[in-house]
Amino acid sequence: MIKFISIYANYYRTIGKLAFPLFLGQLGNIAVGFADNIMVGHYSTDALASASFVNNFFNVTIFACVGFTYGLTPLIGALFARNDNDSIGRITRTGLWVNTVFTLLIAAVMLGIYFCLDSFGQPEHLMPLIRPYYLIVLAGMLPVTIFNVLAQWSFAINDTAVPTWIVLAANAFNILFNYILIFGHFGAPELGLTGAGISTLGARIICAVAMAWVFFSTRRGRPFLNGFFHAPSRRGNAALVARTGFPVAIQMACETAAFSGSAIMAGWIGRDALAAFQIVAISGMLGFCIYYSIGAAMAIPVSHAAGRGDTLAMRRSARAGYHLILAAMLVTCSLFIFGGRHIMGLFTTDEAVLTLALTLILPMVLYQFGDATQITFANALRGTSHVMPMLYIAIASYLVVGLPCTYILAFPAGLGMYGIVLSFSVSLLMAGALYFWFFVKALRAVDCSRSKSSE
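The shown structure was predicted, so the numbers you read here are calculated from the model rather than taken from an experiment.

In terms of helices and strands, the protein chain carries 16 helices and 0 strands. For the protein chain, buried positions account for 58% of its 455 residues. The long-range fraction of contacts in the protein chain, counting pairs at least 24 apart against all pairs at least 6 apart in sequence, stands at 83%. Roughly 18100 Å² of accessible area belongs to the protein chain as shown, and the carbon and sulfur atoms make up 69% of that amount. Distance from the positive charge centre (25 side chains) to the negative charge centre (16 side chains) of the protein chain: 18 Å.

Okay, structure coming up:
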């Protein structure tokens, strides 16, 4: 045991140091999500149900855009390990315009879907709330992308604190203006769900502008500006960014699509089921955000080790990350089991919705292990830059297996909302096992490449 601790202590410290600012940022996101849904839920159950539909629907595209930016982390991390600042500036520039084009294409598709919202089978009386909120969320897609491209640059150079403080400041703005605009305080109009959307859009614009200022106008970004503005474009750089980012985007989009598809199915059951699903989804984000902060931090030392061809450090970084995520999972599950009623009771005073949500605590706890595992090894695989398998794994796990399993358990099996949440365990565990297998294959590929170069 002493030897085990001595081997992994440095890895725990490295990941913990990188993860802590990310955790604070994710904690801020959780606080905003909780505050958003508490205020909307107390405003009206109709507003909460409408937010559930739009947010879960848009999560697919927003996570796809964010996932596309994640391809930059291993590329910049490997360059940072070699102290190649000009190339970091060049790849950041390429990443900005490639990700902007990708986001605008997706936004155009989402704008087309706006005109077909009536065909998704949601309660008709919710449409006047859904439509304006949908357009506001659509407007926030590009600021999210710009912020995340520059955040990945910051993460890859071992500075996870700056994006975190920006997010926390924007979150404080979001909570304050939620309170003002939802309920009409301090002389502002009472806008309800639309007010929540406006404050979130403002927070996303603040994040993008602040992160751009850090890169272009402070000493942190100064070493990379020459490469950003003056380094000539290299043939294949755009393709490299797209090839590294696209599988991650599809992976995150497919995972989110499984959850969003589940929200649509919950809407088929009824308004109370849709509102209960939103409570479960935002409560479950407590675990996801903690696991994600550790997993994203772990991907950084994995990418640095991959740049050096050090498979032992890659393997130990992944193991250390998994240990920390499993520990976080145990804490999260304990919170759900012993404090679930108090957590869920924050979101609604509607007894029917709360009672339904409480019946879903057990399946929510069960899928935490799958979520922890898939986050660990998806990020480990992302750190190696061998990301193409993520595309096929996500499609198979979340779309081919996950969504049909959700439908079967909810309707033919007659489990309703319990079956919807229970089905998440199947897709998440399948994805986690496959990500692990391909991470091991990526390690072997790096070993083989290193052996050939030494011959």
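Time to look at the layout of surface pockets. Computed from the structure, the largest pocket encloses a volume of approximately 290 Å³. Leu75, Ala78, Leu79, Arg82 and Leu240 are, among the 19 residues lining the largest pocket, the residues nearest its centre. Among the residues making up the lining of the largest pocket, the classes are represented as 8 nonpolar, 8 polar and 3 charged. Considering only enclosed or pocket space, the second largest pocket measures out at about 250 Å³ in volume. Along its surface, the second largest pocket is lined by 14 residues, and Val60, Thr61, Ala64, Ile106 and Ala253 are the ones closest to its centre. Elements that contribute at least two residues to the lining of the second largest pocket include exactly helix H2 (45-70), helix H4 (85-114) and helix H10 (237-269).

For the rest of this paragraph, the subject is helix H11 (residues 271-308). The terminal C-alpha atoms of H11 lie 54 Å apart, and with 38 residues this matches the ideal 56 Å at 1.5 Å per residue to within 8%. Most pronounced at Leu286, the bend in H11 amounts to some 30°. Immediately beyond the C-terminal end of H11, within one or two residues, lies Gly309, with a positive phi of roughly 75°.

Each α-helix turn comprises 3.6 residues. Residues three or four places apart therefore point the same way. Here helix H5 (residues 127-139) spans 19 Å end to end across 13 residues, near enough to the 18 Å set by a 1.5 Å rise per residue. Among the residues of H5, Met127, Ile130, Tyr133, Tyr134, Ile136, Val137 and Leu138 are the ones counted as buried. In this structure, the buried side of H5 is in contact with H2, H4, helix H6 (141-156) and helix H8 (193-217).

With that out of the way, let us pick up the packing of aromatic side chains. Here the structure, examined in full by the defined rule, presents 25 aromatic pairs. With a centroid separation of 5.1 Å and an interplanar angle of 80°, the aromatic rings of Phe216 and Phe228 are classed as edge-to-face. A residue pair is termed long-range when its members are at least 10 positions apart, and Phe216 in helix H8 and Phe228 in helix H9 (residues 222-230) qualify at 12 residues. Measuring from ring centre to ring centre gives 6.4 Å for Phe277 and Phe424, while their planes differ by 80°; the resulting arrangement is edge-to-face. Of this pair, Phe277 sits in helix H11 while Phe424 sits in helix H16 (residues 416-454), and the two are 147 residues apart along the sequence. Owing to a relative accessible area of 2%, Phe277 belongs among the buried residues under this scheme. A residue is classified by how much of its surface remains accessible, and Phe424, at 3% relative accessible area, is buried. In this structure an aromatic cluster arises from ring pairing among Trp153, Phe215, Phe216, Phe224, Phe228 and Phe229.

Taken together, Trp97, Val101 and Leu105 make up a surface patch of nonpolar side chains, about 320 Å² in accessible area. Here Val101 is to be found in helix H4. Assessed through its relative accessible area of 42%, Val101 is described here as partly exposed.

Bringing the side chain of His304 into the picture now. Looking at the secondary structure, you find His304 in helix H11. Among the polar contacts listed, one links the side chain of His304 to the backbone oxygen of Ala156, at a separation of 3.2 Å. In this structure His304 touches Gly77, Phe80, Ala81, Ala156 and Asn158, once residues within four positions along its chain are discounted.

Criteria and thresholds
- Residues numbered from 1 in each chain as written.
- Predicted model: local features only at pLDDT ≥ 70, side-chain atom pairs only at ≥ 80, totals over all residues.
- Heavy atoms only, no water.
- Helix = DSSP H or I, 4+ residues; strand = E, 2+ residues; numbered from the N terminus.
- Buried < 20%, exposed > 50% of the residue type's maximum accessible area, 1.4 Å probe, protein only.
- Contact = heavy atoms within 4.5 Å.
- Areas by Shrake-Rupley, 256 points an atom, 1.4 Å probe, with all protein chains shown as cover.
- Lys, Arg positive; Asp, Glu negative; His and termini not counted.
- Charge placed at Lys NZ, Arg CZ, Asp CG, Glu CD.
- 1 Å grid on protein atoms, 1.4 Å probe; cavity = no way out; pocket = protein on both sides within 12 Å on 5 of 7 lines; lining within 4 Å.
- Points joined across faces, edges and corners; volume = space filled by probe spheres on them.
- Nonpolar A, V, L, I, M, F, W, Y, C, P; charged D, E, K, R; others polar.
- Expected span 1.5 Å × (residues − 1).
- Bend = angle between axes of the 7 residues up to and from the residue.
- Phe/Tyr/Trp six-rings, centres within 6.5 Å; stacked < 30°, edge-to-face > 60°.
- Patch = residues over 30% accessible without salt bridge, like charges linked within 9 Å, V, L, I, M, F, W, Y side chains within 5 Å.
- Salt bridge = Lys/Arg side-chain N within 4 Å of Asp/Glu carboxyl O.
- Polar contact = N/O pair within 3.5 Å; in protein donor to acceptor, adjacent residues only side chain to side chain.

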